[in-house]
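Remarks on the overall topology
Residue strings, one per chain:
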Amino acid sequence: MLLILLPLLSTLLSPASAAGYQIISSASHLPTTSFDYLIAGGGLTGLVVANKLSAAGNTVLVVEAGPNPIDFDSVNNAELRGSITAEQCNWKYTAYDDDLSPLSTLVDAGRCLGGSTSINGMVFYRPTLAEFDALESLGNTGWNSQTLLPYLVETERFNPPDASQLADNVTYDPASRPTTGNTNTSFSHPIRNPAMVATYHEAFQDVYPGIPVSTDLSKRNGSVLSNTIWSIFWDPVNQINRRSSAAWSYLFNETPQTLPGTLTVLVQNRVARVNLDSTKTAVGFEIQNSKGAATVKVTAKKEVILAAGALQSAPLLERSGIGSKQVLTQLGVTKQVILEGVGKGLNDQPGTGLAALVTDAVANNTEYIDGVNIFAPIIALPGLAEMFPNADGPLKVLLQATLDIRALDMVANGGFANLEGARKVLGALTDLIVNKKQPIAEIVGEAYPGGLAYPIFWPLMPYSRGHVHANSTDPFDNPIIVPRFLTDYFDQLIAVTVSIKSRALFKTSAFQPLISQLYVDGLGVSQADDNNYEAWLEWYKSTSYGASHWIGSTSMLPQSSGGVVNPKLQVYGTKNLRIVDAGVLPLQSTAHTQPYVYTLALRAADIILGN
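In this report, we go over the structure that sits alongside the text. Just so it is clear, the structure is predicted and the values come from calculations on it, not from any experiment. (Residues numbered from 1 in each chain as written. Predicted model: local features only at pLDDT ≥ 70, side-chain atom pairs only at ≥ 80, totals over all residues. Heavy atoms only, no water.)

**Quick word on the pairing of strand β16 (residues 350-353)**
Just so we agree on the cut-off: Residue exposure (1.4 Å probe, protein chains only): buried if accessible area is under 20% of the type maximum, exposed if over 50%, otherwise partly exposed. Every helix listed is a DSSP run of H or I at least four residues long, and every strand listed is a run of E at least two residues long, numbered separately from the N terminus. Strands are treated as partners if at least two bridges between them are detected by DSSP.
Every second residue of β16 is oriented toward a common face, with Pro350 and Thr352 on one face and Gly351 and Gly353 on the other, all of them buried. Sheet analysis places β16 next to strand β26 (residues 545-546), joined by two bridges and oriented antiparallel. Along β26, the bridge assignment pairs Gly351 with Tyr545. Judged from the two bridges that link them, β16 and strand β22 (residues 456-459) form a sheet pairing that is antiparallel. Bridge pairing in β22 places Thr352 opposite Phe457.

As structure tokens, this is what we get:
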């Protein structure tokens, strides 16, 4: 059905520049077994880089483990994201504690064309310039705000609100919202929960005194409070808020062709391993369509590019003989290149939420609770000064004074390859928080059917680092993911404080007339434990889950610091092998990762093309 509608949607979909593509599901239908570029992963970075390389006249093969979601209503209709199944587009990985006992919640990660942009919450706002500059401070020459900001402009195609949306008091900053990029962004149609958003807006300012209020989340230098814009657009043909995934932004808006073109996309297949020759040059990879099946070899005339994401690119390197000596020995693979940082530095934001019951009148008023599943209509990003107005000074001293001992602990538990790298990354993170005054928590003002006012929150730039490694040499065995959430004391402090303050929202003058029951079993600690730090921490640990903003497992750092790729995204010790996904980012973003990773992908494409 969607293929039929493509011409009707063409005026709404942003112009991409690839020279045409074909999507196949069997390696037997490949037009050739030799391409200029091979790309492992058909998520955001894989499709963006493929688009740019093929537009430059190169032959490109993208291999994606999941299916083509072009006809999946649950993926394409932004309001149906809660009904996306694992079979359609979600890895639903098991994650593990340090002792390898399974955690209680599964890890969401996109497993179809578009990757996690096909299943995520679609929140779209910019990282700060300070975050970009922090990348260069880690030794990555050329990765700074001056070079990266133009890619943010290239990414976004903002659709301004119409009169009906403006009537609900939404705001935006035209200077921060480009209108000519590939990825459509807009407000929801109609605006979500406008009365509840107004209530949160007032309450956030009471609970986080001094938090800067902006017309746009993208218009900020650090902390901010504003309404949300999403990577969606209004589809007048189907009368829905349509998801603007990387698949739609950089692939489906091209005219498909049945004859071989410059871009071939192979779905429902996995890359088993990268093949290196005797000079450690990547010459191709092997493809497998099911567990135990024979592999198909394809070769690269120019380069092999990994875009499998922070949870898969590191295990793929390890299956190919690139990784730490210990892991490669355990896997029993031939040791091609020893890089101790592969799989280490893994980072995500552990989040949870608490709730209060609202009155029946509020619960039945769609201005407060509309029942629409488009995430996060208003967001607060407080920093140290707003979170701890009377204690930010001592906390700054403590963060800096304890850096070494915390770094040692993370190295000992597999979070970093060595102390030099741990100090470097944690030092840059501390500088962002203490000196650059970047936000340390995200609080989303939500409300759900059943009469629940329901803020959701997480530490925004957590220190805790985990690891991800290959489980075996079989690409159909999922990786071993050990997040090590909340193992750092500062992350714990943020988690507890933001939980207590989220309950305090309901005690403000803005919320009090709306609330019928302040304490809801399971959705926050009991009234008796309201000021009990340990009770809140135990509750947070037992209810939290990753925000699926994974980074860091193949970090762009100097090799002596445990880095896996250099500033040109080339894997150390190899030739013609690069990584272009979020795993190369050593620091978490204070924005949701999607805009940052679009920036990364566009920069990567230019580097590969020599621009």
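Next comes the rest of the write-up.
**Details of the environment of Leu460**
Looking at where Leu460 falls in the secondary structure, it is placed in the loop between β22 and β23 (466-469). Residue classification places Leu460 among the buried positions, given a relative accessible area of 0%.

**Structural notes on the state of the cysteines**
Just so we agree on the cut-off: By disulfide we mean two sulfur atoms from cysteines, separated by a distance within 2.5 Å.
Scanning the model with the defined rule gives one disulfide in all. Between the sulfur atoms of Cys89 and its disulfide mate Cys112 the distance is 2.1 Å. On the sign convention where negative is left-handed, the bridge of Cys89 and Cys112, at about -70° about the S-S bond, is left-handed. Highlighted residues: Cys89 in helix α4 (residues 86-89) and Cys112 in the loop between α4 and α5 (129-137), separated in sequence by 23 residues. For Cys89, a relative accessible area of 0% gives the class buried.

**Some remarks on the environment of Leu505**
Stated precisely, the cut-off is as follows: Residue contacts are counted whenever heavy atoms from the two residues lie within 4.5 Å of one another.
Checked against the element boundaries, Leu505 lands in helix α17 (residues 489-505). As for Leu505 and Leu585, which are separated by 80 residues in sequence, their C-alpha atoms are 34 Å apart. Setting aside its immediate chain neighbours within four residues, Leu505 contacts Tyr200, Ala203, Phe204, Val207, Pro455 and Phe511.

**Concerning the pattern of salt bridges**
Note the threshold: Each salt bridge in this description consists of a side-chain nitrogen of Lys or Arg and a carboxyl oxygen of Asp or Glu lying within 4 Å of one another.
For the coordinates displayed, the defined rule picks out 18 salt bridges. Where Asp98 meets Arg484, a salt bridge forms, and the shortest distance between an N and an O atom there is 3.0 Å. A residue pair is termed long-range when its members are at least 10 positions apart, and Asp98 in the loop between α4 and α5 and Arg484 in the loop between β24 (480-482) and α17 qualify at 386 residues. Note that Arg406 is salt-bridged to Asp488, the shortest N-O span being 2.8 Å. Highlighted residues: Arg406 in helix α15 (residues 403-412) and Asp488 in the loop between β24 and α17, separated in sequence by 82 residues. For Asp488, a relative accessible area of 4% puts it in the buried group.

**Here we look at the sheet that holds β24**
Selection criterion: Only the stretch in contact is used when a helix axis is fitted, and all axes are lines through C-alpha atoms; the angle between N-to-C directions ranges over 0 to 180 degrees.
An order of β15-β23-β24 is seen for the three strands of this open sheet, with the pairing classed as antiparallel. Since the sheet does not close on itself, it has two edges, and those belong to β15 (344-346) and β24, each with one partner. Neighbour-to-neighbour, the strand axes of this sheet turn through a mean angle of 35°, independent of strand direction. Looking at chain direction, β23 and β24 are connected through three bridges and run antiparallel. Bridging across to β24, His469 finds its partner in Ile480.

**Regarding the sheet that holds strand β25 (residues 515-517)**
One open sheet accounts for four strands, arranged β20-β21-β17-β25; its pairing is antiparallel. The open sheet has two edge strands with one neighbour each: β20 (447-448) and β25. As defined by bridge partners, β20 adjoins strand β21 (residues 452-453) across two bridges and the pair is classed as antiparallel. Its bridge partner lying in β21, Ala447 is registered against Ala453.

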